[in-house]
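Descriptive structure summary
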Amino acid sequence: DDQIERERAAQHLAGGCCALAAIYLMGKFYVANAGDSRAIIIRNGEIIPMSREFTPETERQRLQFLALLRPELLGKEFTHLEFPRRIQPKELGKKMLYRDQNMNGWAYKKIEENDLKFPLIYGEGKKARMMATIGVTRGLGDHDLKVFSSNIHIKPFLSCFPEVRVYDLTQYEHCPDDVLVLGTDGLWDVTNDKEVAGVVMEVLTSYEPNDPCRYTMVAQELVVRSRGVLKERGWRLANDKLGSGDDISVFVIPLGGPGNYT
């Protein structure tokens, strides 16, 4: 993150990215995630999550707590409190559900003038945005990112620190069909864990266990199915739902060799 900032100043480069890394070291996989990419292990048909997405929804309490400590980061446009919907001026003095950085559930409060500001986090699911701007709360770069038509910087709320999960390969006997799948959000936006596992098993069983190209073909099939087919109404999946409009990158890494196959 510091290097990107130095390059931004020296070469006038802007922008940012998410990061998902898997490192094999002394019999263990270390999976580090900063962003909304995802990694899963498929072992004997079982799905083992190796990361979680960092979005305004999943990191709501961290973001709200920072905004509470440093209200100057919100300018005069945002409130750190969250409401089920945008509050209208006519609702001043009425009671409405809200939650703050200490709450998992909701409570009622009397609406005040300050509550009319735009909430720090607004929307649900993939449509959730922080400061109505960005839907990913961890990653690298984005040092210049500001709220549209304002001088409010978003970078203070973006963390470059990844969450790391560890998987010990020495604790299990792995066969050639056991894999680690790494994918960007372009894959996971339209394909869930169970569907990915289904594609993995479907493709792997059509190749011999000692065929090294079988894992590349799984990755290719996951990309193709998530993109869909170009039709008159855009890219469509097999169920006619919209295909992924984002970039799709997939790695499929075997956890066991042919010698382990039973």
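Think of each chain on its own: its residues are numbered from 1, step by step along the sequence as written. Reporting in this predicted model follows two pLDDT cut-offs: at least 70 for local features of residues, and 80 or more for side-chain atom pairs to be given and counted; totals over whole chains, interfaces and linings ignore these cut-offs and use all residues. Side-chain figures throughout are based on the complete set of non-hydrogen atoms in the structure, without hydrogens or water.

- Looking at an unreviewed UniProt entry, the chain carries the name PPM1J phosphatase, with the source organism given as Tachuris rubrigastra.

Overview of the domain arrangement of the chain
- For the chain, the domain assignment lists domain 1 (1-52 + 162-254) and domain 2 (59-141).
- Where a domain begins and ends is set by an automatic assignment or by a domain database. One C-alpha centre belongs to domain 1, the other to domain 2; they are set 32 Å apart.
- Between two residues, a contact is recorded if the distance between any of their heavy atoms is within 4.5 Å. Opposite the 14 residues of domain 1 that make contact, domain 2 presents six residues.
- Ranking the residues of domain 1 by area buried against domain 2 places Asp1, Cys17 and Asp36 at the top, with a combined share of 37%.
- Any Lys or Arg side-chain nitrogen located within 4 Å of an Asp or Glu carboxyl oxygen qualifies as a salt bridge. On inspection of domain 1 and its partner domain 2, the count reaches zero salt bridges.
- Throughout this description, a polar contact denotes any pair of N or O atoms lying within 3.5 Å of each other; where both atoms belong to protein, one of them has to be capable of donating a hydrogen while the other can accept it, and for residues adjacent in sequence the pair is counted only when both atoms sit in side chains. In this assembly, domain 1 and domain 2 are joined by two residue pairs in polar contact (both at pLDDT 80 or more).
- Under the scheme applied, nonpolar residues are Ala, Val, Leu, Ile, Met, Phe, Trp, Tyr, Cys and Pro; charged residues are Asp, Glu, Lys and Arg; polar residues are all the others, including Gly. When its residues are assigned to classes, the side of domain 1 that touches domain 2 shows six nonpolar, three polar and five charged. For any pair of parts, buried area is found by adding up, for both, the accessible area (1.4 Å probe) each one loses once the two are put together.

A look at the sheet that holds strand β5 (residues 46-49)
- Whether two strands pair depends on DSSP finding at least two bridges between them. Here a strand is any run of E in DSSP of at least two residues, a helix any run of H or I of at least four, and the numbering for each starts at the N terminus. With antiparallel pairing, four strands are arranged side by side in an open sheet as β5-β4-β14-β17. Both edges of this open sheet fall to β5 and β17 (250-254), since each of them pairs with a single strand only. Taken pair by pair, the neighbouring strands of this sheet meet at an average axis angle of 20 degrees, ignoring direction.
- For strand β14 (residues 179-183) and β17, the ladder comprises five bridges, and the chain directions are antiparallel. In the sheet register, glycine 183 faces β17, and the bridge partner there is valine 250.
- Axis definition: a line fitted to C-alpha atoms, over the contacting stretch in the case of helices. Angles run 0 to 180 degrees between N-to-C directions. The strands touched by helix α4 (residues 193-204) are β4 (38-43), β5 and β14; relative to β4, the strand with the most contacts, the crossing angle is about 50 degrees.
- Along the sheet, helix α5 (residues 214-227) makes contact with β14 and β17, crossing β17 at roughly 150 degrees.

What to know about the sheet that holds strand β13 (residues 163-168)
- With antiparallel pairing, the three strands of this open sheet are ordered in space as β2-β3-β13. Bordering the open sheet on either side are β2 (19-25) and β13, each of which pairs with just one other strand. Within this sheet the neighbouring strands show an average axis-to-axis angle of 15 degrees, counted without direction.
- One ladder, built from seven bridges, connects β2 with strand β3 (residues 28-34); its direction is antiparallel.

Focus on the side chain of serine 226
- With respect to the helices, strands and loops of the structure, serine 226 is situated in helix α5.
- Within polar-contact distance, the side chain of serine 226 engages the side chain of threonine 191 at 3.1 Å.
- In this view, serine 226 contacts Gly186, Leu187, Val190, Thr191, Leu237, Gly243, Ser244 and Ile248; residues no more than four positions away in its chain are not counted.

Some remarks on the packing of aromatic side chains
- Here is the rule: rings of Phe, Tyr and Trp (six-membered ring for Trp) pair when centre to centre is within 6.5 Å. Planes less than 30 degrees apart are stacked, more than 60 are edge-to-face, and the remainder are tilted. Considering all chains together, one arrives at four aromatic pairs under this definition.
- Measuring from ring centre to ring centre gives 6.1 Å for phenylalanine 78 and phenylalanine 118, while their planes differ by 85 degrees; the resulting arrangement is edge-to-face. On the criterion of sequence distance, the pair formed by phenylalanine 78 in strand β6 (residues 78-79) and phenylalanine 118 in strand β9 (residues 118-119) is long-range, its members being 40 residues apart.
- Note on exposure labels: buried denotes an accessible area under 20% of the residue type's maximum, exposed denotes more than 50%, and partly exposed covers the range between, all computed with a 1.4 Å probe on protein chains only. Judged by relative accessible area, which is 5%, phenylalanine 78 ranks as buried.
- Aromatic pair tyrosine 167 and tyrosine 172: ring centres 5.9 Å apart, planes at 10 degrees, arrangement stacked.
- What links up through ring pairs into an aromatic cluster is the set Phe78, Phe118 and Tyr122.
- Looking at arginine 43, its charged tip hangs above the ring of tyrosine 172, at a distance of 3.7 Å from the centre.
- Taking the ring centre of phenylalanine 54 as reference, the NZ or CZ of arginine 138 above it sits at 4.1 Å. Here, a charge over a ring means that NZ of Lys or CZ of Arg falls within 6 Å of the ring centre while also lying within 35 degrees of the ring normal.

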